[in-house]
Amino acid sequence: MTSLTGKTALVTGASRGIGRAIALALAKAGARVLVHFGSAEDAADSVVEAIRAAGGSAEKVAADLRAADGPHELAKRVRALAGDRLDVLVANAGISKAATIEETTVEDFDDLFAVNVRAPYFLVQQLLPMFGDGSSVVLLSSLAARSAVNNLSAYAATKGAIDTLVRHFASALGERGIRVNAIAPGVVETDMSNFAKTDAGRDFTLGMQALKRVAQPDDIAGAAVFLASDLARWVTGDTLRVDGGSKL
Ligand SMILES: NC(=O)c1ccc[n+]([C@@H]2O[C@H](COP(=O)([O-])OP(=O)(O)OC[C@H]3O[C@@H](n4cnc5c(N)ncnc54)[C@H](OP(=O)(O)O)[C@@H]3O)[C@@H](O)[C@H]2O)c1
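Residues numbered from 1 in each chain as written. Predicted model: local features only at pLDDT ≥ 70, side-chain atom pairs only at ≥ 80, totals over all residues. Heavy atoms only, no water.

Chemist: When you look at the site of the ligand in this model, what are you seeing that I'm missing?
Modeler: Close to the ligand lie 33 residues, the nearest being S15, I18, Y155, T190 and S193. Taking I18, its main chain carries an N or O atom lying 2.8 Å from an oxygen atom of the ligand. Within the side chain of T190, an N or O atom sits 2.5 Å from an oxygen atom of the ligand. For the ligand, the accessible surface in isolation is 890 Å², of which the surrounding protein chains cover 93%. Secondary structure elements with two or more residues in the shell around the ligand: α1 (17-28), β2 (32-37) and α5 (153-173). Along the lines of polarity and charge, the residues of the shell around the ligand split into 15 nonpolar, 13 polar and five charged. (Near = heavy atom within 4 Å. Polar contact = N/O pair within 3.5 Å; in protein donor to acceptor, adjacent residues only side chain to side chain. Areas by Shrake-Rupley, 256 points an atom, 1.4 Å probe, with all protein chains shown as cover. Helix = DSSP H or I, 4+ residues; strand = E, 2+ residues; numbered from the N terminus. Nonpolar A, V, L, I, M, F, W, Y, C, P; charged D, E, K, R; others polar.)

Written out as structure tokens, the structure is:
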């Protein structure tokens, strides 16, 4: 029931980190995967090659999701590649910026909301005609949305917005059989959270987790496959913590 054979999935920010791991996992479950990237085209190429080498199906698709029309452009390209039907959207692309309240600039605040909130909002809007009964939308929230960690107030607010959108989207789209959920990782060792590679970052991370290791991108991917699959057919409007028991 986790088989995604015959389904098409779009993963934004699939060139690196958590998105890359989710793209590989969805492909392993049988989905044809559209590997979105912003600037890391070579990295996206290597994800597509890895999926094809394993016998799967994948194509890359570009769009700058900080631009106001980025989601609209991406949706057009996805429609050109996939036709009328999209079964799975994982809106994973995101940016973060650690800064105190005093240090946070208007530009950083606007960039965070543009990429982390505006882009997924309008991507869902623009892809609505391609979703149908059984389609699954997965957004990326964060531990930061519910806990004050690491001087991330502006970033955290973007993820709080995601938790709110999940409920509104799920409520509005349920009558079409479209499910909408979010995944909230804790600290995951990626370019975004490379402080977790330092001794101090590792100690901080393990100190707030029940499970005592630093998460890798692949630790998050299984939850995305679950939410995309029929196993999660009765799950909608929820944010699933996938954080090794952080800040319990
Ligand atoms: N890592 C963590 O500890 C953690 C914890 C909780 C939640 N999250 C969330 O998980 C998601 C993935 O995080 P990650 O750690 O995997 O990040 P990452 O390694 O920094 O990768 C970010 C991805 O987003 C894409 N992206 C960023 N800005 C973009 C833009 N303007 N236009 C298009 N694509 C853009 C990047 O594409 P290009 O490189 O191709 O530009 C890249 O593929 C984010 O939503 C993040 O907030 C992460």
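Additional details are given in the paragraphs that follow.
Chemist: What am I meant to see in the sheet that holds strand β3 (residues 57-62) here?
Modeler: The pairing of strands in a sheet happens through backbone hydrogen bonds and is either parallel or antiparallel. The sheet built from seven strands is open, its strands ordered β3-β2-β1-β4-β5-β6-β7 with parallel pairing. One side of each edge strand has no neighbouring strand; the edge strands of this open sheet are β3 and β7 (239-242). Each adjacent strand pair in this sheet contributes to an overall mean axis angle of 20°, direction not counted. Pairing between strand β4 (residues 88-91) and strand β5 (residues 136-140): four bridges, direction parallel. Residue pairing in the sheet places V88 in a bridge with S136 of β5. In this fold α5 packs onto β5, β6 (179-185) and β7, with an angle of close to 160° to the strand it touches most, β6. (Pairing = 2+ DSSP bridges. Axes fitted to C-alpha atoms, helices over the stretch in contact; angles between N-to-C directions. Contact = heavy atoms within 4.5 Å.)

Chemist: Looking at this model, I keep getting lost on the UniProt feature "domain: Ketoreductase" (unreviewed entry) in the protein chain. Mind explaining?
Modeler: Residues annotated in UniProt with the feature "domain: Ketoreductase" (unreviewed entry) correspond here to residues 7-186. Measuring from the first to the last C-alpha atom of residues 7-186 gives 29 Å, for a span that is 45% helix and 18% strand. (UniProt positions renumbered as here; feature names shortened; annotations may be inferred.)

Chemist: Please clarify how helix α4 (residues 106-127) should be interpreted in this entry.
Modeler: In an α-helix, one full turn covers 3.6 residues, which means residues spaced three or four apart are oriented alike. Between its first and last C-alpha, α4 extends 30 Å over 22 residues, near the 32 Å set by a 1.5 Å rise per residue. The axis of α4 is deflected most strongly, by about 40°, at A114. Every buried residue of α4 is listed here: D108, L112, A114, V115, N116, V117, A119, P120, L123, V124 and L127. In the core, the buried residues of α4 are packed alongside β1 (8-11), α3 (70-82), β4, β5 and α5. (Expected span 1.5 Å × (residues − 1). Bend = angle between axes of the 7 residues up to and from the residue. Buried < 20%, exposed > 50% of the residue type's maximum accessible area, 1.4 Å probe, protein only.)

Chemist: Quick question: what am I supposed to make of the packing of aromatic side chains here?
Modeler: For the structure on display, the rule yields three aromatic pairs. Aromatic side chains F109 and F113 sit 4.8 Å apart centroid to centroid with 25° between the ring planes, which places their arrangement in the stacked category. Here F109 and its partner F113 are both found in helix α4, four residues apart, which amounts to about one turn of the helix. A relative accessible area of 36% means that F109 is categorised as partly exposed. For F113, a relative accessible area of 24% gives the class partly exposed. Centre to centre, the rings of Y121 and F169 are 5.3 Å apart; their planes meet at 55°, and the pair counts as tilted. Highlighted residues: Y121 in helix α4 and F169 in helix α5, separated in sequence by 48 residues. Three or more aromatic residues joined by ring pairs form one cluster here, namely Y121, F122 and F169. (Phe/Tyr/Trp six-rings, centres within 6.5 Å; stacked < 30°, edge-to-face > 60°.)

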